[in-house]
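Chain by chain, the residues:
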Amino acid sequence: MKWILTLAVSLLFWLSCNPVQAEVLYVSEKHPDPIGYSLSHFVEQDRLNASQAYELFKNGQFTPVNQSTSNYGINASPVWLSLIIDNDTLAPVTRILHVDNFWLDEISAFWLEEGKIVHFEHQGDLSLFYQQPSMQPSFNFNYLYPPGKTHVLIRVQTPDPMVIPVYLFDQTEMAQKSAFNHYSYGFLYGAITALLIYNFILFLGLRIKSYLFYCLYLFNFLLVNFAYSGHGSSWLWPNSPLWQQWSIPLLMVTFCTSGILFACHFLRLKYQLPTLNRILKSLCVIFPALMLMAVLLQDRVLGLILAFDLMLLFSGLMIVLGILSLNFGNISARFFLIASISSMVGVAITCLAVWNYIPFNQFTYRAAEVGVFIDVLLLALALTERFRRVENEKTIAEKMANMDPLTRLNNRRAFYQLVEPMFTEEQIQKSASILMIDIDRFKGINDTYGHNFGDEVLVKVAALIRDTLRKDDVLARWGGEEFIIFLPHTQEQEANILAARLCENIGKLQFTQMQHKVTVTASIGIVTSCSAINQLPTLIEVADKHLYQAKRSGRNQICGGLSPDTNRVVG
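Enquirer: When you look at the overall build of the chain in this model, what are you seeing that I'm missing?
Expert: The helix and strand tally for the chain stands at 17 helices and 20 strands. A globule of 571 residues ought to have a C-alpha radius of gyration of about 25 Å, yet the chain, at 41 Å, is considerably larger. Each principal axis of the C-alpha atoms in the chain carries an extent, and together these give about 125 × 60 × 45 Å. Counting only residues that meet the buried cut, the chain has 50% of its 571 residues in that class. Contacts in the chain between residues far apart in sequence, at least 24 positions, make up 72% of those at least 6 positions apart. In the structure as shown, the chain presents an accessible area of about 27,700 Å², 61% of it carried by carbon and sulfur atoms. Distance between charge centroids for the chain: 10 Å, based on 42 positive and 46 negative side chains.

Shown next, in the form of structure tokens:
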């Protein structure tokens, strides 16, 4: 046991005297992943220049990073990174140090050979002087490495989340990564822009506020992506370094507030959860006000903390709202809940990666983009599903408004809506017939056997008439025990044949009530259009008079003609 303790103490002593060195990078090898394990770092307490930092490195004050991507969290102290690059070839080789994070305020790189600074570059978003001519949303340092070892020192300073993913690429690898970023962001921006334009057109046409707030949500999602990806600084505000520093937290707040407003309108919280609706509307004022205060105080750390806290609060809040709305029976909340879970997972992964709680890589860095993209797609489906459901409800309501609820036939309103457009055709005006049908002694049937039996008679008679008619004929329940039939392109003789068949078939219907067999009959009035009668209201009026003439003639009769005074009775 003693020799084990002695060995452990000796090992610890040796490590303290000989600090672990980071791996040397060889230019002949490929490095597709971040090179964090080849970096060593030193957290700056007092401002250092490159020569002082190099002396600290020689004295063993730098320690290995021990993770693929350096991550120091929000408002970290400035940090120095050290890297040894060995050109193990016989000729100078150009390599690119690629820092895949555009929100760093200052990033300076120094190249040393035999302890002397031979070149330096300074980039970052604090000054227009540091902007890159390549318009790439990242920081790239090109250098021609001579044969042998070159020492590189990098100083990074920012109050933003200090995440430093460093890559060593050749020109081909850099082009491949740039192409991937261009295509992926192009797809993302194109899809979101298409959704934005489509839903804004829907809003202009439908005037539904949910579409407007959804468009605001999409627009803010685009802007916040532009800000933290660096595309905004390259495309939209290249001459505004101050805005670039504040754009990320400010746009994160506007994104969250627009999402809350959309949720309030889409889920109809004003009617279902009025108290919660007022609280959420208050948050949409409080957080922007706090962010404005941070801007006035020029406290970016406060602004960043507010923004990231609101993002997490917003993501969790959307899930809670979806669950509450589902409990209230809001069918549209199904898509909303799934969308919110997707957004929550993506945002949480990115925030935790930025805060250095989980490893930072390409997936965790862009998880929020993927999650929110799925979120907005599902919300678009939710809007579409809700609109379809509302339209279906309108269609059903309109259909019910035009339908007799007992017999499921057209009612009087529907009859006019269907027949009046047809009656404008000249041919139909010259050859159309109308039949008015009335069940004989129907009041006595109701009084003797009850209204339920009377309803059964109406339903069966309606079904018999409907099954007897042609495809283009229009049948409606006119009121009470009366039915009306419009027969386009039908002369008087054809109408009489149909009326006779109906009278006969109605008389053959058999009903049983209280162990009694019951039969019913019907009287029918007929009129056919001609030059003297070619208006729909006149035809209906004459057919109605013929009907009453048939009833006065003993019922179970068919009466027709140009007027009641010249009608013919068919027994």
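Anyway, onward from the coordinates.
Enquirer: Would you mind going over the side chain of Gln244 with me for this structure?
Expert: Examined against the element boundaries, Gln244 turns out to sit in helix H6 (residues 241-266). Separated by 2.7 Å, the side chains of Gln244 and Trp237 make a polar contact.

Enquirer: I keep staring at the state of the cysteines and nothing clicks. Help me out?
Expert: Here a disulfide denotes one covalent bond, and it connects the sulfur atoms of two cysteines. Under the definition given, this model contains zero disulfides. Cys284 takes part in no disulfide bond, and the closest cysteine sulfur, belonging to Cys264, lies 6.3 Å away.

Enquirer: Hey, could you run me through the packing of helix H4 (residues 209-229) against H6 in this one?
Expert: One way to put it is that H4 packs onto H6 with a least axis distance of 8 Å and a crossing angle of 160 degrees. Regarding the angle of H4 to H6, the classification is roughly antiparallel. Note on packing geometry: the crossing formed by H4 with H6 is left-handed.

Enquirer: Could you clarify how one ought to interpret H4 in this entry?
Expert: Structurally, the α-helix is built with 3.6 residues per turn, so residues lying three or four positions apart point the same way. Compared with an ideal rise of 1.5 Å per residue, which puts 21 residues at 30 Å, H4 spans 30 Å between its outermost C-alpha atoms and is within 8% of the ideal. Counting buried residues along H4, 17 of its 21 residues qualify, which places the element largely inside the surrounding structure. Two residues or fewer past H4, Gly230 is found with a positive phi of approximately 95 degrees.

Enquirer: How do you make sense of the packing of aromatic side chains when you look at a structure like this?
Expert: Two numbers describe a pair of aromatic rings. These are the distance of the centres and the angle of the planes. Taken as a whole and assessed by the stated rule, the structure comprises 30 aromatic pairs. Seen from their ring centres, Phe262 and Phe266 are 5.4 Å apart, and the 20 degrees between their planes marks the pair as stacked. With Phe262 and Phe266 both in helix H6 and four residues apart, this pair spans about one turn of that helix. Residue Phe262 is classed as buried on the basis of its relative accessible area, which comes to 1%. Ring geometry for Phe415 versus Tyr416: centroids 6.2 Å apart, planes at 75 degrees, classification edge-to-face. The exposure class of Tyr416 is partly exposed, given its relative accessible area of 26%. Taken together through their ring pairs, the aromatic side chains of Tyr214, Tyr217, Phe221, Phe255, Phe262, Phe266, Phe314 and Phe336 make up a single cluster. One Lys or Arg, Arg207, reaches over the ring of Phe203 and ends 5.7 Å from the middle of that ring. Stacked on the ring of Tyr185, the Lys or Arg Arg366 has its end atom at 3.9 Å from the ring centre.

Enquirer: Help me out: how do you make sense of the sheet that holds strand E12 (residues 166-169) in this one?
Expert: Spatial ordering of the open sheet is given by E9-E6-E12, a layout of three strands whose pairing is antiparallel. Each edge of the sheet is formed by a strand with only one pairing partner; in this case those strands are strand E9 (139-145) and E12. Averaged over all neighbouring strand pairs, the angle between strand axes comes to 20 degrees, with direction disregarded. Of the pairings in the sheet, the one linking strand E6 (residues 93-99) to E12 comprises four bridges and is antiparallel in character. Bridge pairing in E12 places Leu97 opposite Leu168.

Enquirer: Just checking my understanding: could you explain unusual backbone geometry for this structure?
Expert: A negative phi holds for most residues other than glycine; trans holds for most peptide bonds. The phi angle at His489 is positive, at roughly 50 degrees, despite the residue not being glycine. Turning to its location among the elements, His489 is positioned in the loop between strand E15 (482-488) and helix H16 (492-508). A residue is classified by how much of its surface remains accessible, and His489, at 44% relative accessible area, is partly exposed. Phi is positive for Arg555, which is not a glycine, with a value near 70 degrees. Looking at the secondary structure, you find Arg555 in the loop between helix H17 (536-552) and strand E19 (558-560). With a relative accessible area of 28%, Arg555 lands in the partly exposed category.

Enquirer: Whenever I open this one, the nonpolar core confuses me. Can you help?
Expert: Core analysis: the biggest nonpolar cluster contains 100 residues, and Leu97, Tyr214, Leu321, Phe336 and Val376 have the highest contact counts within it. Top element by residues in this core is H4. It accounts for 13 residues. If near-sequence neighbours (up to four positions away) are discounted, Val376 is found in contact with Ile192, Leu195, Tyr214, Tyr217 and Leu218. By size, the runner-up hydrophobic cluster in this structure holds 32 residues, among which are Leu435, Ile485, Phe511 and Val518.

About the cut-offs
- Residues numbered from 1 in each chain as written.
- Predicted model: local features only at pLDDT ≥ 70, side-chain atom pairs only at ≥ 80, totals over all residues.
- Heavy atoms only, no water.
- Helix = DSSP H or I, 4+ residues; strand = E, 2+ residues; numbered from the N terminus.
- Rg over C-alpha atoms; globule rule 2.2 N^0.38 Å.
- Buried < 20%, exposed > 50% of the residue type's maximum accessible area, 1.4 Å probe, protein only.
- Contact = heavy atoms within 4.5 Å.
- Areas by Shrake-Rupley, 256 points an atom, 1.4 Å probe, with all protein chains shown as cover.
- Lys, Arg positive; Asp, Glu negative; His and termini not counted.
- Charge placed at Lys NZ, Arg CZ, Asp CG, Glu CD.
- Polar contact = N/O pair within 3.5 Å; in protein donor to acceptor, adjacent residues only side chain to side chain.
- Disulfide = S-S within 2.5 Å.
- Axes fitted to C-alpha atoms, helices over the stretch in contact; angles between N-to-C directions.
- Parallel < 35°, antiparallel > 145°, perpendicular 65-115°, else oblique.
- Left-handed = near helix turned anticlockwise from the far one by under 90°.
- Expected span 1.5 Å × (residues − 1).
- Phe/Tyr/Trp six-rings, centres within 6.5 Å; stacked < 30°, edge-to-face > 60°.
- Lys NZ or Arg CZ within 6 Å of the ring centre and 35° of its normal.
- Pairing = 2+ DSSP bridges.
- Core = buried A, V, L, I, M, F, W, Y, C linked by side-chain atoms within 4.5 Å.

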